[in-house]
Amino acid sequence: MNQSSINENTFDPMEEKQLSPLEAWDEFYREYVPPGGVTPNELVVANATRNGKQKQSNGKAKRLGVERIRRLLEKYAPDKYTFFEAHFKSK
């Protein structure tokens, strides 16, 4: 994959914020994937899944999961997002 399709012009490395996995995906797809440019198919399919356009065999919409988001962001924007996993403990 040629990562030159990722739009580098809108990224500010000094701007840090906490995002949910879906918020990170939405930001990535909106800001780093150029409109009208060549977008890798796995990103197009993932975004269609995010928007409820991919269906399961029972007709329900598929969900864009955390692990898939993590894998795609690590592949296409490795220096732009850091994934932190939260663990909950019950007493």
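## Here we look at the overall build of the chain
Along the backbone of the chain there are 3 helices and 0 strands. Reading the helices (α) and strands (β) of the chain from amino to carboxyl end gives α-α-α. A total of 91 residues make up the chain; the buried ones form 24% of that total. In the chain, 56% of the contacts between residues at least 6 apart in sequence involve partners at least 24 apart. Split by element, the accessible area of the chain, about 7,000 Å² in all, is 49% carbon and sulfur.

## A few points about the nonpolar core
Of all hydrophobic cores here, the largest spans 14 residues; its most connected members are W25, F28, L43, L72, L73 and Y81. Breaking this core down by element, the ones donating at least two residues are α1 (21–32), α2 (41–50) and α3 (66–76).

## Remarks on the packing of α2 against α3
Two elements in contact, α2 and α3, have axes separated by 12 Å at closest approach and are oriented at 145°. Seen along the crossing, α2 lies across α3 with a hand that is left-handed. In this structure, α2 contributes E42, L43, V45, A46 and T49 to the contact, and α3 contributes R68, R71, L72, K75 and Y76. In the contact of α2 with α3, the residues fall into 5 nonpolar, 1 polar and 4 charged.

## Observations regarding the packing of α1 against α3
It is at 10 Å that the axes of α1 and α3 come closest, and there the two elements cross at 40°. Looking at the two axes, α1 sits oblique to α3. Taken as a pair, α1 and α3 cross one another with a handedness that is left-handed. Of α3, the residues touching α1 (which contributes P21, L22, A24, W25 and F28) are V66, I69, L72, L73 and Y76.

## Description of α2
Restricting attention to buried positions, one finds in α2 the residues L43, A46, N47, A48 and T49. On its buried face, α2 sits against α1 and α3. One or two positions beyond α2, positive phi appears at G52, with a value near 75°.

## Let's talk about the pattern of salt bridges
Within this structure, the stated rule accounts for 6 salt bridges. Among the salt bridges present, the one from D26 reaches R50, with a minimum N-O distance of 2.8 Å. In this pair, D26 sits in helix α1 while R50 sits in helix α2, placing the two residues 24 residues apart along the sequence. Residue classification places R50 among the partly exposed positions, given a relative accessible area of 29%. With its nearest N and O atoms 3.3 Å apart, the salt bridge here joins R71 to E42. With R71 in helix α3 and E42 in helix α2, the pair connects residues that are 29 residues apart, well separated along the chain. A relative accessible area of 25% places E42 in the partly exposed class. Bridged by salt links that share partners, the residues E42, R71 and K75 form one connected network.

Cut-offs applied
- Residues numbered from 1 in each chain as written.
- Predicted model: local features only at pLDDT ≥ 70, side-chain atom pairs only at ≥ 80, totals over all residues.
- Heavy atoms only, no water.
- Helix = DSSP H or I, 4+ residues; strand = E, 2+ residues; numbered from the N terminus.
- Buried < 20%, exposed > 50% of the residue type's maximum accessible area, 1.4 Å probe, protein only.
- Contact = heavy atoms within 4.5 Å.
- Areas by Shrake-Rupley, 256 points an atom, 1.4 Å probe, with all protein chains shown as cover.
- Core = buried A, V, L, I, M, F, W, Y, C linked by side-chain atoms within 4.5 Å.
- Axes fitted to C-alpha atoms, helices over the stretch in contact; angles between N-to-C directions.
- Left-handed = near helix turned anticlockwise from the far one by under 90°.
- Nonpolar A, V, L, I, M, F, W, Y, C, P; charged D, E, K, R; others polar.
- Parallel < 35°, antiparallel > 145°, perpendicular 65-115°, else oblique.
- Salt bridge = Lys/Arg side-chain N within 4 Å of Asp/Glu carboxyl O.

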